[in-house]
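What follows is the residue order along each chain.
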Amino acid sequence: MKKYIYLIIMSAILGCTKDTGKIYENKDFTVFKNKVTQGKFSAQVLPDGSMTSNYKSPANNPVKRTIEVKFSINQKDNELPFATNHQIVIQPKDGHYTAPVITFGKQFIDPQAGIEEVLEPDTEITIKLDMRSVFDSFKTKGFYIDLNGEKITQEDFKGIYLAGNIVPLSFDFENLGQDVQLTDEDDDHIFEITLKINTYDPDRFIKPSWKLSQDISAYPQLKTDIPLLQSLYNMALEETVLLSEKDGTFRTGAKWAGVWTRDVSYAIVLGMGMTDRQRARTSLLRKVKNKRIIQDTGSGGAWPVSSDRTTWALAAWEIYLLSGDELWLEYTYQIIQNTIEDDRKIVYNKATGLYRGESSFLDWRIQTYPRWMDNIDIYQSQNLGTNMVHYKALVILSDMAKLQGLNDDAIKYSSWAEKLKKAINEKLWNKEKGYYIQYLYGRDYLLSSPKSEALGEAFSVLFGVAEDQAYQVIANTPVVSYGIPCVYPQIPNMRPYHNNGIWPFVQAFWNMAAAKTGNGTALEHGLGSFYRSASLFLTNKENMVAENGDFMTALNSDRQLWSVAANLGQVYKILFGIHLTAHNTLEFKPTIPSSLKGKMELSNLKIRDKELSIRINGYGNQIKTFKIDGKTSDDYVLNLTGEGRHLIEIQMANNELKGQVNLQDNRFHLPTPQVQLSLSKIEWDSINGAVAYEVYKNGSLLTKMSDSTRLTIEPGNNEYSVRAIDARGDVSFFSEPVCQINNNHKYTSMREYARDKNISINDAPSNMIELSKTKNTKLTWQMNINTEGEYILYFDYSNGSGPWNTDNKCATRTLWVNGVKTAPIVMAQRGSNEWGNIGQTNRISIPLHQGINHFILSYEPENENMNTAINTALLGNMTILKKY
């Protein structure tokens, strides 16, 4: 029966191979109006509008006997250096193989590693791990220092997990489950696990065909003489139906239940608001708590380490523009205002004029940050995309205030927006490259990551931050054959996801930005990328590999909400050019490459109390004639006042869209240097491929070296960091800053200032005090300073309220210095119940005067986290360093 179905499908494909014109072509793939080809693979639109694809992921190629594994304490990558793994050659007998015992922390390489023989499917393997040295350290020292320098006590030890490069293993340490946890049943500290590897993984395969099977009549309907565009649009509507939950919300993807703030918000802005306004509205309301926007669970316990919850404001504004609902405007204004006021106190950096926090949506920290950065470092960083979102939220809040007659608020938030816009252009613009940098990062001194960041680059154009630089951004930002990667260049030795990844929703925002600048070359490339993946995979995947366009990344899902929305939104907002305004009007600014010329009609589109049908003929971005209900208009605008049905007819001027695109091969920068510091020198290991190294002192370039990896330094409280440069001029991440500290520093134990010294947390270090919503909510102390000047201040802390990579229990407090509210103190989660895991808070630069200085650490309303019930940390010593 399967063979018979296959023959029918192949017969249909062969009968329809005549193409109907090219939409886009490059060296790797071609998009026609009725099919997509990529090497030996093709996707085809059949006469009935269904589609077929014979795409096969390279992940289905035969697996070799040599596998790579690594062990993890407490689900962290803390055994061997990054990209250094154990190599085991599987030689099964009767379907089973027992590997040699491996010692934790010592790389094992099988003598036959690299063998090219194919591994049999469903092979059973037993792996044993010698953990005696770790438990000896627990016994003799009371703790074990892991690869990352973190202290693990026996009380903090939760288990040993196995990661690897073969199904069902993965190197996604954050999501290692109980099915890959090793056990020690006889308590001899030799842990082991037996499991089947090289098993069938349905995620490695796509369905070979698609045919519309859901009722999509309730949604806006597209009619076009381009078969591929027609089928992909209908596929997106069908996936919209499948993503619609019974409770009136959108789920996030085939694999991901529930509503996530940034996912649903970006999806609404892209197209889901126009597709299903009521469901979009209901979904947004699920992400409100205490009249504030909810930050999804994330790194270090979410907000304020993750700080892009203001994406919600973009979606709320979209719903208002679509509905004109004054009650919605009033209600969402209060929520956005409360959120922005809290962010101003906890996330805003007065020194730079930028907002702190993790890259918007790029929330798997090792995928876009150097590995030395912990969650506090990420909180202190200032990212392009996240700042663009904060800027747009401020503009929206100002516009909302104007509509309600709140003129003082409108002026206030407009002023904040303009100052942020200025700071973005001053601090994040890369004049040499002609686009914006990825982020500022570091410890006491901020450094630049000159990589591009696709979402932020697109937003700079769409939100009007770039202004005169807008065309430069689109023309200069690097793209690869398969689309625009999230960042460029890539981190080496990392499984694709955000790094070495292309995300269709980001691609859609980029395409909208290209259309706004009239860059037809960039737009055709971007649309080609989008149509290729959706056609070959026969679903709107979450992401794909930048290097080869495949869908097998570290984590992926079919019918991802914002990818589906991107598919729809490019029709609405690019090809039909639908532009909503705050002035009760609908503007039309179509942008249609000549390769998509023809007739298109969009019907059953409901905006406010209007039902619209829009017909477009031709191509370009200039309108020749524009008619509303048969009457010619020169304004290309529809007034949305009142009810009614209208027919919009647009004849394009058929002007060619030209432009340029910075098409590059996918590239990887060098590994991050590891720097060691002594009293008189800094040194680092030589990095293969480096032609030079740059040494930075206190945030400024000190020297560039090509013949040494060692530098003599002068005494002082100075911070040093090093980055490597390859022959193409691409730079690595900066090394973890090392600080040379002399004797002019002070430590203060906070325990003596605690009012409540009774710690309710088991196994808490004895020199720390407990901060909670009821304990030690206000600490007061003073310190004598010998010399007036600028100082660096930070605290030791622990937060075992949840895992380091997710949850919502990040603790914050407010620091007052000499009667002035000075800065937030952030204490991100460091591991579930790992209260012995000590880190340092964010570092504050403060002026202190000679003599007695007064300090207060307090729990303020703006310190409320996303959990609202648990806001707990252990506080240790305070350190103050004199800045030079």
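Everything that follows concerns the structure shown earlier in this document.
First, a word on scope: everything that follows refers to the structure included in this document. (Residues numbered from 1 in each chain as written. Predicted model: local features only at pLDDT ≥ 70, side-chain atom pairs only at ≥ 80, totals over all residues. Heavy atoms only, no water.)

**Focus: the overall build of the chain**
Selection rule: Counting from the N terminus, the helices are the DSSP runs of H or I reaching at least four residues and the strands are the DSSP runs of E reaching at least two. For the radius of gyration, the atom set is restricted to C-alpha positions; the globular benchmark scales as 2.2 Å times the number of residues to the power 0.38. Exposure classes here rest on a 1.4 Å probe applied to the protein chains alone. A residue is buried below 20% of its type maximum, exposed above 50%, and partly exposed in between. Two residues form a contact once any of their heavy atoms are found within 4.5 Å. Positive charge is attributed to Lys and Arg, negative charge to Asp and Glu, and no charge count is given to His or to the chain ends. Where a charge lies is defined by one atom per residue type, namely NZ (Lys), CZ (Arg), CG (Asp) and CD (Glu).
Scanning the chain from N- to C-terminus turns up 15 helices and 57 strands. Whereas a compact globule of 884 residues would reach a radius of gyration of roughly 29 Å, the chain reaches 29 Å, a difference of no more than 12%. Taken along the three principal axes of its C-alpha coordinates, the chain extends 80 × 80 × 55 Å. Every one of the 884 residues in the chain was classed for burial, and the buried ones make up 60%. Taking as baseline every contact in the chain between residues at least 6 positions apart, the subset at least 24 positions apart corresponds to 71%. Here the chain carries 95 positive and 100 negative side-chain charges, and the mean point of each set is 3 Å from the other.

**Brief notes about the packing of aromatic side chains**
Which entries qualify depends on this criterion: Only Phe, Tyr and Trp rings are paired, with Trp represented by its six-membered ring, and only when their centres lie within 6.5 Å; those with planes under 30 degrees apart are stacked, over 60 edge-to-face, the remainder tilted. Placement of a charge over a ring requires the Lys NZ or Arg CZ to be within 6 Å of the ring centre, with the centre-to-atom vector within 35 degrees of the ring normal.
According to the stated counting rule, one finds 46 aromatic pairs in the structure shown. Taking 5.0 Å as the distance between ring centres and 65 degrees as the angle between the ring planes, the aromatic pair formed by W364 and Y497 counts as edge-to-face. Taken together, the residues span a long stretch of sequence, with W364 in the loop between β21 (354–355) and α8 (375–380) and Y497 in the loop between β29 (487–488) and β30 (501–502) at a distance of 133 residues. Its relative accessible area of 10% is what places W364 among the buried residues. The buried category is assigned to Y497, whose relative accessible area is 8%. A centroid spacing of 4.5 Å and a plane angle of 20 degrees characterise the contact between F459 and F463, whose relative ring orientation is stacked. Three or more aromatic residues joined by ring pairs form one cluster here, namely Y266, F361, W364, F459, F463, Y497, W503, F505, F509 and W562. Sitting above the plane of the F250 ring, R279 keeps its charged end 6.0 Å from the centroid. Its guanidinium or amino end placed over the ring of Y320, R608 lies 5.6 Å from that ring's centre, counting from NZ or CZ.

**Some thoughts on the sheet that holds strand β33 (residues 585–588)**
We count it as follows: In this analysis, strands are considered paired if DSSP registers two or more bridges between them. What counts as an axis is a line fitted to C-alpha atoms, over the stretch in contact for a helix, and the angles between N-to-C directions run from 0 to 180 degrees.
Spatially, 3 strands are ordered β32-β33-β38 in an open sheet, and the strand pairing comes out antiparallel. The open sheet has two free edges, formed respectively by β32 (578–580) and β38 (637–639), since each of these has just one partner strand. Each strand of the sheet is rotated relative to its neighbour by a mean of 25 degrees, with strand direction disregarded. Where β32 lies against β33, 3 bridges are found, and the strand directions are antiparallel. Of the residues in β33, the one forming a bridge with H579 is E587.

**Observations regarding the side chain of H86**
The test is simple: Here a polar contact is taken to be a pair of N or O atoms separated by no more than 3.5 Å, where protein atoms must pair a possible hydrogen donor with a possible acceptor and residues adjacent in sequence count only if both atoms sit in side chains.
For H86, the position within the fold is in strand β7 (residues 86–89). H86 sits in the buried class, given a relative accessible area of 0%. Within the local environment of H86, its side chain forms a polar contact with the backbone nitrogen of F108, the two atoms lying 3.0 Å apart. What H86 contacts, discounting residues up to four positions off in sequence, is I67, E68, V69, K70, F71, E79, L80, I102, T103, K106, Q107 and F108.

**A closer look at a negative patch on the surface**
In plain terms, the rule: Note that patches include only residues with greater than 30% relative accessible area and no salt bridge, and the join distances are 9 Å for like charges and 5 Å for nonpolar side chains (Val, Leu, Ile, Met, Phe, Trp, Tyr). Each accessible area is a Shrake-Rupley estimate made with a 1.4 Å probe; only the visible protein chains count as cover when residues are assessed. Any carboxyl oxygen of Asp or Glu within 4 Å of a side-chain nitrogen of Lys or Arg constitutes a salt bridge here.
A contiguous patch of negative charge on the surface is contributed by E185, D186, D187, D188 and E192. Note on placement: D188 falls in the loop between β14 (181–182) and β15 (190–197).

**Notes on helix α10 (residues 407–427)**
Quick note on the threshold: The span expected for a helix works out to 1.5 Å for each residue beyond the first. Taken from the helix axis, the directions to the C-beta atoms give the arc we talk about.
For α10, spanning 21 residues, the distance from its first C-alpha to its last is 30 Å, which sits close to the expected 30 Å at 1.5 Å a residue. Within α10 the residues assigned to the buried category are A410, Y413, W416, A417, L420, K421, A423 and I424. The arc that holds the buried residues of α10, viewed along the axis, is 165 degrees, so those residues lie on one side. Seen from the buried face of α10, the exposed residues on the opposite side, beyond 90 degrees, are D408, I411, K419, K422 and E426. Those residues of α10 that are buried are in contact with α7 (326–346), β21, α9 (384–403), β23 (429–430) and β24 (435–436).

That is the geometry; function is a separate question.
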